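Report on the structure
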Amino acid sequence: MDNIAFGLWMTVMGMGTVFLLLVLLMLMLRGIGWLDQRGKRTPPTPSHTAPTDHAAGEDFTEPEPAAPGELTPELIAAISIAVITHARVRRGQAAPAMRQVQPGSQLFASRWVSVGRSYQNQPWKAR
Amino acid sequence: MSPETLAQLLQGITNITWQSVVMMLIGGLLILLAVVKEYEPLLLLPIGAGAILTNLPLSPLVGEGGMLSILYNVGVSNELFPLIIFIGIGALTDFGPLLENPKMVLLGAAGQFGIFLTLILALLLGFNRSEAASIGIIGAIDGPTSIYVSGILAPHLVGPITVAAYSYMALVPLIMPPVMRLLTTKAERSIKMPYTQREISQRTRILFPIIVTVAVGIAVPFATPLIGMLMLGNLMRESKVVERLTHASANELANVVTLFLGLAIGSTMKGVDFLQLGTLAILGLGLLAFFLDTATGVLFGKLMNVFSGGKFNPLIGAAGISAFPMAARVVQKEASREDFSNFILMHAMGANAAGQVASVIAGGVLLALMGAG
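Nothing here was measured: the structure is a model prediction, and the numbers come from that model.

Section: the overall build of chain A
For chain A, the count of helices and strands is 3 helices and 0 strands. Starting at the N terminus and walking to the C terminus, you meet the elements of chain A as α-α-α. Taken over 127 residues, chain A has a buried fraction of 15%. Total accessible area on chain A stands at roughly 10,300 Å², and carbon and sulfur atoms take up 64% of it.

Spelled out as structure tokens, the structure:
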């Protein structure tokens, strides 16, 4: 009987302590997350205008300033062109050796995981 | 040839006992599981080899000056090896999914119920309090924690407890699904949970191990060695400034210590001491602990489902144990089994990472309640 009472006491105290500690941990993690997000929302100090090397008189429209943490449309366009060009060059060199991972390998499977994840993250799409 | 010389030549054969033969067969079985089934081969293979080497007649590897005994004294009796392995685990673990969704921490706590329920059952079976607590820790589903806690509370049970912990951990894909299916409905298993990845800054990732160590260390000093080493490994990983140390901890150091630990644990499986009714009871209770952990995790998941208005998939509760990342994978597999397009892996990973932390805390709490020092 003593042993059962001891076991029940251990269960109540043990699980109580574990839950209490983990609730505290959860609150701390939420606090850190909140501070982190708050730090990100703080607007950056205005930077000095970068010097340009455009020739005088050249027809040039100043790109729209991007929101903090965002890329300008010009930069996105430049990156897109670079990616397309790169893909075209690689396609031109197309050969069986271009395949980075064998179908059926673990790395190949990760692509399936990516598809599943993106599918799950689009709840607005009709199933 | 004199009879003495003959006896000396044949002493290997004459000293074979049925217990040593059975233990060598058990060692062979562990090696078979490791090689053929690939169940936790990194540990089961050295443990099996250690068991065979120990039970060979008049084995010079055990006893005073024997290599296996030296390994045991150097790393198991003083809990050094499990702690070093924890550095490697910390260096390998990504707590990102947990940081993205802190409420998953609660599922980690629910996954520890099995420890205490098994403890009660062990007491009912006649084990003393220290032994019962050591057997209960199998329910942490965490090999190094099991070795650490049982090494302090009941060193004579380290062998069977370790074998039970690692063997059943390898069997998680077989143990968990029936319990999960039994306790959930098809509709519950099919609940989809949208996942929105939140960017976690490096500052947060670095602060996490430091804060957890200090907070847990102050609240439960007995957990400091376990949580401290786990978080040290994670701090090295997330700081990104000690790549060499991180790599060494997660690979070379962890591999070497795993080999030594496996051999040392195998050396505790001496037939005369191991083949007792108590060992069978420990193996049975260990299995029960795994079932109870899964069941309480799923039931807590169902509770969260009620509080969330039916938006929480209860299967995720089963991932709140320490078998990382196997438990999360099993949960995802079960969800996919009902609905191929259901993707709850990242939520399950969060719960699984929480289980990693919670098992260490539970081990420390158990030691504190037992007044171990």
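More follows now that the structure is in view.
Topic: the layout of surface pockets
Residues and elements named next belong to chain B. One number sums up the size of the largest pocket: a volume of about 960 Å³. As for the largest pocket, its lining consists of 32 residues, of which Glu 40, Ile 89, Leu 92, Phe 324 and Pro 325 are closest to the centre. Those elements that provide at least two residues to the lining of the largest pocket are helix 4 (41-55), helix 6 (80-92), helix 11 (143-153), helix 12 (158-170), helix 17 (243-267), helix 20 (326-338) and helix 21 (345-370). When its residues are assigned to classes, the lining of the largest pocket shows 20 nonpolar, 7 polar and 5 charged.

Description of the nonpolar core
Generally speaking, soluble globular proteins have nonpolar side chains that are buried together. All names here are of chain B. Formed by 126 residues in total, the largest nonpolar core has its most connected members in Val 76, Leu 98, Ile 135, Met 176, Val 331 and Leu 366. With 15 residues, helix 21 is the largest single contributor of residues to this core. For Met 176, the residues in contact, after removing those within four places along its chain, are Thr 294, Ala 318, Ile 321, Ala 327, Val 330 and Val 331.

What to know about the interface of chain A and chain B
The partner chain B presents 47 residues to the 37 residues of chain A that form the contact. Regarding the contact of chain A and chain B, the summed buried area is about 3,800 Å², with carbon and sulfur atoms giving 77% of it. The interface formed by chain A and chain B holds 0 salt bridges in total. On the surface where chain A and chain B come into contact, there are 0 residue pairs in polar contact (both at pLDDT 80 or more). Looking at the side of chain A that touches chain B, the elements that each hand over two or more residues are helix 1 (2-41) and helix 3 (106-120) of chain A. No other element matches the 29 residues that helix 1 of chain A contributes to the side of chain A that touches chain B.

Section: the packing of aromatic side chains
Evaluated as defined, the whole model comprises 6 aromatic pairs over all chains. The interplanar angle of 45° and the centroid separation of 5.6 Å between the aromatic rings of Phe 19 of chain A and Phe 300 of chain B together place this pair among those described as tilted. With Phe 19 of chain A in helix 1 and Phe 300 of chain B in helix 19 (residues 277-307), this residue pair bridges two chains. Its relative accessible area of 15% is what places Phe 300 of chain B among the buried residues. Ring pairs connect the aromatic residues Phe 19 of chain A together with Phe 113 and Phe 300 of chain B, which therefore count as one cluster.

Some remarks on the packing of helix 5 (residues 67-76) of chain B against helix 6 of chain B
All names here are of chain B. The interhelical angle for the contact between helix 5 and helix 6, taken along N-to-C directions, is 60°, at an axis separation of 6 Å. Across from Leu 71, Val 74, Gly 75 and Val 76 in helix 5, the residues of helix 6 making contact are Leu 80, Phe 81 and Pro 82. Here the contact of helix 5 with helix 6 is built from residues that sort into 6 nonpolar, 1 polar and no charged.

Brief notes about empty space enclosed by the protein
A complete count under the given rule lists 1 cavity of 30 Å³ or more for this structure. Size it by volume and the largest cavity reaches roughly 30 Å³. Around the largest cavity, the lining residues are Leu 29, Ile 32 and Gly 33 of chain A together with Leu 99, Arg 198, Ile 200 and Thr 204 of chain B. Per element, the largest residue contribution to the lining of the largest cavity is 3 residues, and it comes from helix 1 of chain A. Class assignment for the residues of the lining of the largest cavity results in 4 nonpolar, 2 polar and 1 charged.

Re the pattern of salt bridges
When charged atoms on two side chains of opposite charge get close, those side chains can pair. Residue and element names in this part refer to chain B. In this structure the tally under the stated criterion is 9 salt bridges over all chains. Measuring nitrogen to oxygen at the nearest pair gives 2.9 Å for the salt bridge that ties Lys 186 to Glu 338. You can see Lys 186 sitting in helix 14 (residues 186-189) and its partner Glu 338 sitting in helix 20, a full 152 residues away along the chain.

Some thoughts on the environment of Gly 28 of chain B
All names here are of chain B. Residue position: Gly 28 is located in helix 3 (residues 18-37). For Gly 28, a relative accessible area of 28% puts it in the partly exposed group. Linking Gly 28 and Leu 45, residues 17 residues apart in sequence, is a C-alpha distance of 8.9 Å.

Remarks on the side chain of Gln 19 of chain B
All names here are of chain B. Following the sequence through the fold, Gln 19 ends up in helix 3. Polar contacts involving the side chain of Gln 19 include one to the side chain of Trp 18, which spans 3.3 Å. Those residues in contact with Gln 19 that lie beyond four places of it in its chain are Gly 271, Val 272 and Leu 275.

Side note on helix 21 of chain B
Residue and element names in this part refer to chain B. Over its 26 residues, helix 21 runs 37 Å from end to end, which matches the ideal 38 Å to within 8%, given 1.5 Å per residue. With 24 of 26 residues buried, helix 21 lies mostly within the body of the structure. Downstream of helix 21 by a residue or two, Gly 371 has a phi angle that is positive, lying close to 65°.

What counts, and at which threshold
Residues numbered from 1 in each chain as written. Chains lettered and ligands numbered in written order. Predicted model: local features only at pLDDT ≥ 70, side-chain atom pairs only at ≥ 80, totals over all residues. Heavy atoms only, no water. Helix = DSSP H or I, 4+ residues; strand = E, 2+ residues; numbered from the N terminus. Buried < 20%, exposed > 50% of the residue type's maximum accessible area, 1.4 Å probe, protein only. Areas by Shrake-Rupley, 256 points an atom, 1.4 Å probe, with all protein chains shown as cover. 1 Å grid on protein atoms, 1.4 Å probe; cavity = no way out; pocket = protein on both sides within 12 Å on 5 of 7 lines; lining within 4 Å. Points joined across faces, edges and corners; volume = space filled by probe spheres on them. Nonpolar A, V, L, I, M, F, W, Y, C, P; charged D, E, K, R; others polar. Core = buried A, V, L, I, M, F, W, Y, C linked by side-chain atoms within 4.5 Å. Contact = heavy atoms within 4.5 Å. Buried area = accessible area lost by both parts, 1.4 Å probe. Salt bridge = Lys/Arg side-chain N within 4 Å of Asp/Glu carboxyl O. Polar contact = N/O pair within 3.5 Å; in protein donor to acceptor, adjacent residues only side chain to side chain. Phe/Tyr/Trp six-rings, centres within 6.5 Å; stacked < 30°, edge-to-face > 60°. Axes fitted to C-alpha atoms, helices over the stretch in contact; angles between N-to-C directions. Expected span 1.5 Å × (residues − 1).

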